[in-house]
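# A closer look at the structure
Below are the chains, spelled out letter by letter.
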Number of protein chains: 4
Amino acid sequence: MNLDLNQLVKWRREFHRFPEIGWSEFWTTSRIADYLEDLGCFEIFLGKQIINPDFVRGRKQAVVDKGLANAKAYGANEKWLKKMEGYTGCVALFDSGKPGKTIALRFDIDCVNVTETRSPEHIPNKEGFASINDGFMHACGHDSHITIGLGVALWIAQNKDKLTGKVKIVFQPAEEGVRGAAAIAQSGIIDDADYFASSHISFCANTGTVIANPRNFLSTTKIDIRYKGKPAHAGAAPHLGRNALLAAAHTVTQLHGIARHGEGMTRINVGVLKAGEGRNVIPSSAELQLEVRGENKAINEYMTEQVMQIAKGISISFDVAYETEIVGEAVDMNNDIELIKLIEEISLEQPQINNVNSDYAFNASEDATILGRRVQEHGGKAIYFILGADRTAGHHEAEFDFDENQLLTGVNIYTSLVQKLLA
Amino acid sequence: MNLDLNQLVKWRREFHRFPEIGWSEFWTTSRIADYLEDLGCFEIFLGKQIINPDFVRGRKQAVVDKGLANAKAYGANEKWLKKMEGYTGCVALFDSGKPGKTIALRFDIDCVNVTETRSPEHIPNKEGFASINDGFMHACGHDSHITIGLGVALWIAQNKDKLTGKVKIVFQPAEEGVRGAAAIAQSGIIDDADYFASSHISFCANTGTVIANPRNFLSTTKIDIRYKGKPAHAGAAPHLGRNALLAAAHTVTQLHGIARHGEGMTRINVGVLKAGEGRNVIPSSAELQLEVRGENKAINEYMTEQVMQIAKGISISFDVAYETEIVGEAVDMNNDIELIKLIEEISLEQPQINNVNSDYAFNASEDATILGRRVQEHGGKAIYFILGADRTAGHHEAEFDFDENQLLTGVNIYTSLVQKLLA
Amino acid sequence: MNLDLNQLVKWRREFHRFPEIGWSEFWTTSRIADYLEDLGCFEIFLGKQIINPDFVRGRKQAVVDKGLANAKAYGANEKWLKKMEGYTGCVALFDSGKPGKTIALRFDIDCVNVTETRSPEHIPNKEGFASINDGFMHACGHDSHITIGLGVALWIAQNKDKLTGKVKIVFQPAEEGVRGAAAIAQSGIIDDADYFASSHISFCANTGTVIANPRNFLSTTKIDIRYKGKPAHAGAAPHLGRNALLAAAHTVTQLHGIARHGEGMTRINVGVLKAGEGRNVIPSSAELQLEVRGENKAINEYMTEQVMQIAKGISISFDVAYETEIVGEAVDMNNDIELIKLIEEISLEQPQINNVNSDYAFNASEDATILGRRVQEHGGKAIYFILGADRTAGHHEAEFDFDENQLLTGVNIYTSLVQKLLA
Amino acid sequence: MNLDLNQLVKWRREFHRFPEIGWSEFWTTSRIADYLEDLGCFEIFLGKQIINPDFVRGRKQAVVDKGLANAKAYGANEKWLKKMEGYTGCVALFDSGKPGKTIALRFDIDCVNVTETRSPEHIPNKEGFASINDGFMHACGHDSHITIGLGVALWIAQNKDKLTGKVKIVFQPAEEGVRGAAAIAQSGIIDDADYFASSHISFCANTGTVIANPRNFLSTTKIDIRYKGKPAHAGAAPHLGRNALLAAAHTVTQLHGIARHGEGMTRINVGVLKAGEGRNVIPSSAELQLEVRGENKAINEYMTEQVMQIAKGISISFDVAYETEIVGEAVDMNNDIELIKLIEEISLEQPQINNVNSDYAFNASEDATILGRRVQEHGGKAIYFILGADRTAGHHEAEFDFDENQLLTGVNIYTSLVQKLLA
């Protein structure tokens, strides 16, 4: 197997065809494990070895079951499925056997709930590698991330004798909704890392640009609130009901009134609200899907506490049962200057990179920050950068596609980083 | 064709198998028309002859299209389908040619969105006439109403020479949600009626009872409100969004605060609320399904006006587009004493009736009241009564079934009424 | 002292000059006690003998202190002031010493917060007996009630040998705001009564009419809610505040959303809301003055419980301290038929009464109902009637005055009642 | 008259004794005019010469009338009172007659609603110059500003022959609540200024410090909203009311839900809410006193527009009349580098200044910014700085007093500035 663009494109297109939503990436994980096993120099960790179930966010059993069934139908390797214990994602450990640093690299593997365009202009259609599943699509580009991760693994296998220390390649599930990183962080699997690196393709950067230092990652918590009241006939006995929809509406109005924070930016959004059973029945159930954000972790925690307080108060005011569930979270993170400098240097060595940006306000949230901060809290250094690549449409849009040439650029940046840190 | 229980049960079971939801009763209407045509003495009115499209409530095109397609698949008579012009229901006119009164009788024909139980104990399963369509079931007993209507038609055909005046048998679509009567009333088709009668099977009365005078029909209006805002990224640019979910939540809290009315009972219920597209997007769409009620028409109109005012105000406060749609309505009605007395008298003549109740607080809404009041407003008299029948479960429940023997009781009451008024 | 109109008018005008607001009727009470003592046949009960402090509603210490100071300034009898122990009102017991029934009659004694008109047309101005205190006026007519009570006492003194059993004449403080009756009821002072009677002058009835059976007394509870939060600079540190005004606003929106009751009429009104300290400070205090009503006691209790629940929930949602205070209450009451018949009979015996109405929907609340129901709960019978009297303006208006001739009619009705029950 | 600390202290203490609240500074203005006139080289502008009535914010007629009456009682010069035309404040123009720049200096003159402590430790008490009016106090230190302004005027009079160009000394009314500057700016009186300077004493800086460049002035708008509904009996006819209190409560909950702005900080506070007339009356009136802030003018305007939109929408939803009044406003402003440098330089020349801070986040609002930006918009340069001075308590506290020695420092800084710009 040669480490060239041809091989990378082959991988990318295979994964593009079988997109799997967060926590259902059974086929994806098993294929990654297959390839890693073939390389012969990685120990493969799966299931509860890398996932702490107590910190799993936003995982629905129905989604898991469907994913597992699909994976079997697609011919996933039963050996891996069993080792996964119901939890997707894997970590590949390369141990050089020589003293040295430990590097953790993170690549996310889930798709999004988008139906891929059927336009004949769309390259995946032209070339026959479009998603086989309506409603699921690698429209965020995580297929490129998987591919770059495998490319790095292949390079390590081909250069293993020149390396010292260890490399841990983390294939993370459920990045969308910032759901998967907490469970991996809390498994402790990367606690020994001296360096952590991760990246996203495209985003705000075209082919030729690397953003070496995005800053202003927002801390965020994704929360579901569910109310359970009591139905009653809306005409004959409204007083016997316990109105979950009304409770939910008041929750929304209270949530939007959470006081702004004097020390930094806050955000609140109730993105989805579903309540009630029928027009003439006092509504007995309601669900709110919301998120809060803060300029830093403390401010985000302030917002989260206010949400919890409001849900509790509402449940008393309206005499409805309630539950809150944290279904995702990310934190703010500052890239370490040592790694910023290295990525700048490496980027400028790539012939196709002509623009390195070291001060970009990200103003969004990324699950990788939980892993990066975990490494930093254990004394290591972390970076998250953006790998420019032209794209045909916005992320999460049905027409999304990206410049496949940058797969090789991505692999080169990571392998240069490994080389500089471990050679 | 004999007018006996056997024939009635045959009809009832045929219609029970093919339940059709409001405004999609194409097969049902065409079968009714077939039977009426066979009787040879009815003029059959369909489509815009009996439906004023301006007053059609809660009719979704997708439901209509599906219903029409199904009807064709089930072999409905194309002749009738064409005459229906997309609107279900029919009115059969018997004209004796002799001077006399005009009586309008109303039978509703739609089913509800319930999936019929598959329990082998359930008689429709045992006897093989359960609904062929999951999600649709004659669980309110309107199949009995159709049957009684056809039974009355058969009796008229057999007794036509003894009768004077006219009979109009109204087979009304979309009673559920009180949606269909307004369009029929506004077509003018029963404006010449001297008498109007309608009834419901079972409800609160078992076999052996007739409730000759239910009172306290509530006026009600069923309203949908839809808001359309503008999506925006909830983290980066919340100020660019126009939040339809937040608008909807405030609508709910305002609606529940509509002042009680000093002159009588009011009700408000937002039964269903759906809003938002995704957790991290400022929600751009919301829909509320609600109803108001009032002790009388004026109070109900007060409530309806308040709702409209609130929706308008909210659209300004939140800079969102809005639309309101009246999807159903019923009014209060007082039964006329002449007809109450007649139904009491007739009921007591039925050997199987041993209990006639003439003072029952209905405290609910019925679409028939719109037709009854229309007749009263044109100088006629109206009644709505309840025909007792044992049932196996509550109305709208998957296990609902009723005592088929009462089909014949029902026919007898109506035909006695016709005889007393027109003979 | 003759029991004639002249004497009654003298009393009425004296009390009219010195109006005292609820719980401050120290001068009024002491004058009543003076007159009763002079009559020589009454035992006089004051203070905690007739007031259970635990059930005193809506009594502000500042008002009490001011009232006491005024009373001293007006020359009130110190003996009575001391026995009052800070609580106004008195009960006069006449005990015939002979076996017989016990009758309780109730007359309320407080004024309202209205400034009496200075118009020279207004008889109290013409005749020189207008209120000496701006902001306080007997504009509801309770001066007539005091007078009738004293007239009845005078009659008893003059007829004491002809009577059996006992009469308890209750001069009740703080009827306005339905605040005083509960404390008297809970003192037990009328628990032995076989009959209870009370009345109001004028209201909806002119001279010549008696309403013998007003019905539809509404149960009501008057509640204050106070929130205490934490101030903070609204620009620099809004997150450090705990917003009592926002809590109060949400309380209002939740209160108005309390579900209507299927079994009868409900009412909710937040009549007054005051909150906040300054424009640029997160508001730390808020007060709501509200009332609920219900068609009967149970429905009113449902409303009251919902209010309490909402206040509690809000305090949690907004992290503010709260307190609720019941500052008034009245219940529904059904007049007993025996007493209705008696009042009808007696009224028709009065030459100046030409109209007796026995079915009038009161649709308001009266503190006397608490005393009437207390008597009924102990096996006695109760009535509340309306004594017609022409008036010059609405109750609680600055121009209010009434036909003084009806003072004698009032005395005659009560004394006839006593005579019929105790002679 | 010598320009020394003694004279400055005399002035300060005189003004401290007669504190006047915004728009009522008639005595203060007339005294300032007296002193300026005595100096002999100033043209004095008053009334509509310096105040554009269309942009007067938060001026209540009752306050004006009271202030005018007080001023007369205190012996204010009638000549000035007449020229003021009801509007306080004055502008003193010094014209050297020689070509040169024009400098505008602004000093605010109003007090705050605080009752000065009666503690004998408090120097104004010890020295006998405490406020003569309970409820009014120069507790923000504007008495020092008046004094410094007069000191600068005295210096100009003594150095008038050495100067070129013009100086306009603006004695501004109603700075508290950011109410007075807009009317002065819109009069055009300083449109010809090349330089604008203003300052505040103490704040966050002790004796020895000058903050040469406070930044992050928040734009703010102070708004009153008033609703007028219709009263009705809360028990008998709630539907006839138009509930202004309920409208106000919903306004509060909507205001707090105004979407945060993606481009910078926002604030909203409803600081005061008063509504309703009585517990059992549907409330017919309500007033909200609120403020919004924004990181810059555009963001503040976004907030202001949202407020207006909400008030309008609410008035429709609740069928109440409404009015909104802008009672104060300030904008953000960036100090000009030329003037920052000059103030730094000058400050370091003062022996008693040992600390010059050129980067301080102000994070509050100041009326002077409206004047500064007006000058900048006409091509001039502006600065607002902070003159350190030890204080005994926080601004707006009853125990507030400041280090009077800094009066002279203040005069020296301004006169150095004038000298450097105009000599």
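Residues numbered from 1 in each chain as written. Chains lettered and ligands numbered in written order. Predicted model: local features only at pLDDT ≥ 70, side-chain atom pairs only at ≥ 80, totals over all residues. Heavy atoms only, no water.

The name given to chain A in an unreviewed UniProt entry is Amidohydrolase, with Haemophilus seminalis as the source organism.

Let's shift gears to the relation of the copies chain B and chain A. Placing chain B over chain A gives an RMSD of 0.1 Å and needs a rotation angle of 180°, together with 0.2 Å of translation along the axis. Both copies of the chain, as the preceding transformation shows, are related through a two-fold rotation axis. A shared binding surface is used by both copies, with 100% of the interface residues of chain B retained as interface residues in chain A. (Least-squares fit on C-alpha atoms with pLDDT ≥ 70 in both. Contact = heavy atoms within 4.5 Å.)

Below, the discussion takes up the pattern of salt bridges. Tallying each qualifying case throughout the model produces 112 salt bridges over all chains. Residues B:Arg12 and B:Glu404 are paired through a salt bridge, measuring 2.8 Å at the closest nitrogen-oxygen approach. Highlighted residues: B:Arg12 in helix H1 (residues 5–17) and B:Glu404 in the loop between strand E14 (381–387) and helix H12 (406–422), separated in sequence by 392 residues. In this pair, the class of B:Arg12 matches that of B:Glu404, namely buried. Each of the salt bridges in this network shares a partner with another, and the network as a whole consists of A:Arg12, A:Arg13, A:Glu127, A:Asp143, A:Asp401 and A:Glu404. (Salt bridge = Lys/Arg side-chain N within 4 Å of Asp/Glu carboxyl O. Helix = DSSP H or I, 4+ residues; strand = E, 2+ residues; numbered from the N terminus. Buried < 20%, exposed > 50% of the residue type's maximum accessible area, 1.4 Å probe, protein only.)

This paragraph deals with the interface of chain B and chain A. On the side of chain A, 38 residues touch chain B, which itself brings 38 residues to the contact. Of the roughly 2,800 Å² buried between chain B and chain A on both sides combined, carbon and sulfur atoms contribute 58%. Linking chain B with chain A are two salt bridges. B:Asp224 is the partner of A:Arg279 in a salt bridge, and the nearest nitrogen-oxygen pair spans 2.9 Å. Summed over the shared surface of chain B and chain A, the result is 16 residue pairs in polar contact (both at pLDDT 80 or more). Of all the secondary structure elements, the ones that give two or more residues to the side of chain B that touches chain A are strand E8 (219–228), helix H8 (244–255), strand E9 (266–275) and strand E10 (285–294) of chain B. For the side of chain B that touches chain A, the leading source of residues is E9(B), giving eight residues. (Buried area = accessible area lost by both parts, 1.4 Å probe. Polar contact = N/O pair within 3.5 Å; in protein donor to acceptor, adjacent residues only side chain to side chain.)

So, about the sheet that holds strand E3 (residues 102–108) of chain A. Residue and element names in this part refer to chain A. Here we have eight strands laid out as an open sheet, ordered E1-E2-E4-E3-E5-E14-E6-E12, and mixed in their pairing. The sheet is open, and its two edges are formed by strand E1 (43–46) and strand E12 (355–357), each paired on a single side. Across the sheet, the mean angle separating the axes of adjacent strands is 20° when strand polarity is ignored. As paired strands, strand E6 (residues 209–211) and E12 are joined by three bridges and run parallel to one another. Bridge pairing links Thr209 to Asn355 in E12. (Pairing = 2+ DSSP bridges. Axes fitted to C-alpha atoms, helices over the stretch in contact; angles between N-to-C directions.)

Moving on: empty space enclosed by the protein. Within the structure shown, the criterion is met by one cavity of 30 Å³ or more. Empty space within the largest cavity amounts to approximately 290 Å³. Around the largest cavity, the lining comprises 21 residues; the ones closest to its centre are B:Gly257, B:Ile258, B:Ala259, D:Asn243 and D:Leu246. Of all the secondary structure elements, the ones that give two or more residues to the lining of the largest cavity are helix H9 (297–317) of chain B together with strand E9 (266–275) of chain C. Along the lines of polarity and charge, the residues of the lining of the largest cavity split into nine nonpolar, nine polar and three charged. (1 Å grid on protein atoms, 1.4 Å probe; cavity = no way out; pocket = protein on both sides within 12 Å on 5 of 7 lines; lining within 4 Å. Points joined across faces, edges and corners; volume = space filled by probe spheres on them. Nonpolar A, V, L, I, M, F, W, Y, C, P; charged D, E, K, R; others polar.)

Packed helices, taken two at a time, are described by their axes: the angle between them and the distance between them. Residues and elements named next belong to chain B. Where H1 meets helix H6 (residues 142–158), the axes come as close as 9 Å, and the angle between the chain directions of the two elements is 140°. Comparing the axis directions of H1 and H6 gives the class oblique. Here the hand of the crossing between H1 and H6 comes out right-handed. Residue-level inspection shows Leu8, Trp11, Arg12, Phe15 and His16 of H1 in contact with H6, the latter providing Asp143, Ile146, Thr147, Leu150, Gly151 and Leu154. (Parallel < 35°, antiparallel > 145°, perpendicular 65-115°, else oblique. Left-handed = near helix turned anticlockwise from the far one by under 90°.)

Take the interface of chain B and chain C next. In this complex, chain B contributes eleven residues to the contact, which on the side of chain C involves eleven residues. On the chain B side of the contact with chain C, B:His256, B:Arg260 and B:Arg267 bury the most area, a combined 65% of that side's loss. Our enumeration of links across chain B and chain C arrives at six residue pairs in polar contact (both at pLDDT 80 or more). It is E9(B) that provides the largest number of residues to the side of chain B that touches chain C, a total of three residues. Its residues assigned to classes, the side of chain B that touches chain C comprises four nonpolar, five polar and two charged.

All names here are of chain D. Viewed as axis vectors pointing N to C, helix H10 (residues 337–349) and helix H12 (residues 406–422) meet at an angle of 125°, and their least axial separation amounts to 10 Å. Judged by the angle between their axes, H10 and H12 are oblique. Here the hand of the crossing between H10 and H12 comes out right-handed. Contact residues: Glu338, Leu339, Leu342, Ile343, Glu345, Ile346, Ser347 and Glu349 in H10; Ile413, Ser416, Leu417, Lys420 and Leu421 in H12. Partitioned by chemical class, the residues of the contact of H10 with H12 number seven nonpolar, two polar and four charged.

Let us now look at the packing of aromatic side chains. Applying the stated rule across the entire model yields 52 aromatic pairs over all chains. Put simply, the rings of A:Phe15, A:Phe18, A:Trp27 and A:Tyr74 pair up and form one aromatic cluster. Lying across the ring of D:Trp80, D:Lys79 places its NZ or CZ 4.3 Å from the centre. (Phe/Tyr/Trp six-rings, centres within 6.5 Å; stacked < 30°, edge-to-face > 60°. Lys NZ or Arg CZ within 6 Å of the ring centre and 35° of its normal.)

Let us now look at helix H9 (residues 297–317) of chain A. In an α-helix, one turn spans 3.6 residues; hence positions three or four apart end up facing the same way. All names here are of chain A. With 21 residues, H9 should reach 30 Å at 1.5 Å per residue; the first-to-last C-alpha distance of 30 Å fits that figure. The N-terminus of H9 is capped by Asn296, whose side-chain oxygen sits 3.1 Å from the backbone nitrogen of Ala298. Directly after H9, the chain includes Asp319, whose backbone phi takes a positive value near 55°. (Expected span 1.5 Å × (residues − 1).)

Turning our eyes to something else, we now look at the sheet that holds strand E11 (residues 321–330) of chain C. With antiparallel pairing, eight strands are arranged side by side in an open sheet as E11(C)-E8(C)-E10(C)-E9(C)-E9(D)-E10(D)-E8(D)-E11(D). Every interior strand has two partners, whereas the edge strands, E11 of chain C together with strand E11 (321–330) of chain D, have only one. On average, each strand axis in the sheet is tilted by 25° relative to the strand beside it, whichever way the strands run. Bridge analysis of strand E8 (residues 219–228) of chain D against E11(D) gives nine bridges, and the strand direction is antiparallel. Pairing of D:Arg226 across the sheet is with D:Glu323, part of E11(D).

Each of the two copies of the chain can be brought onto the other by a rotation about an axis and a shift along it. Once chain B has been moved 0.1 Å along the axis and rotated by 180°, it coincides with chain C to within an RMSD of 0.2 Å. Comparing contact sets, 100% of the residues at the interface of chain B also lie at the interface in chain C, consistent with an isologous, same-surface contact.

It is worth spelling out the UniProt feature "domain: Peptidase M20 dimerisation" (unreviewed entry) in chain A at this point. Under the local residue numbering, the UniProt record ascribes the feature "domain: Peptidase M20 dimerisation" (unreviewed entry) to residues 224–311 of chain A. The straight-line gap between the two end C-alpha atoms of residues 224–311 of chain A is 10 Å; of that span, 31% is helix and 28% is strand. (UniProt positions renumbered as here; feature names shortened; annotations may be inferred.)

Residue and element names in this part refer to chain B. When you line up the elements, Ala311 lands in helix H9. For the pair formed by Ala311 and Ala183, sequence separation is 128 residues and the distance between their alpha carbons is 25 Å. When near neighbours in sequence (up to four residues on either side) are disregarded, Ala311 contacts Ile225, Tyr227, Tyr322 and Thr324.

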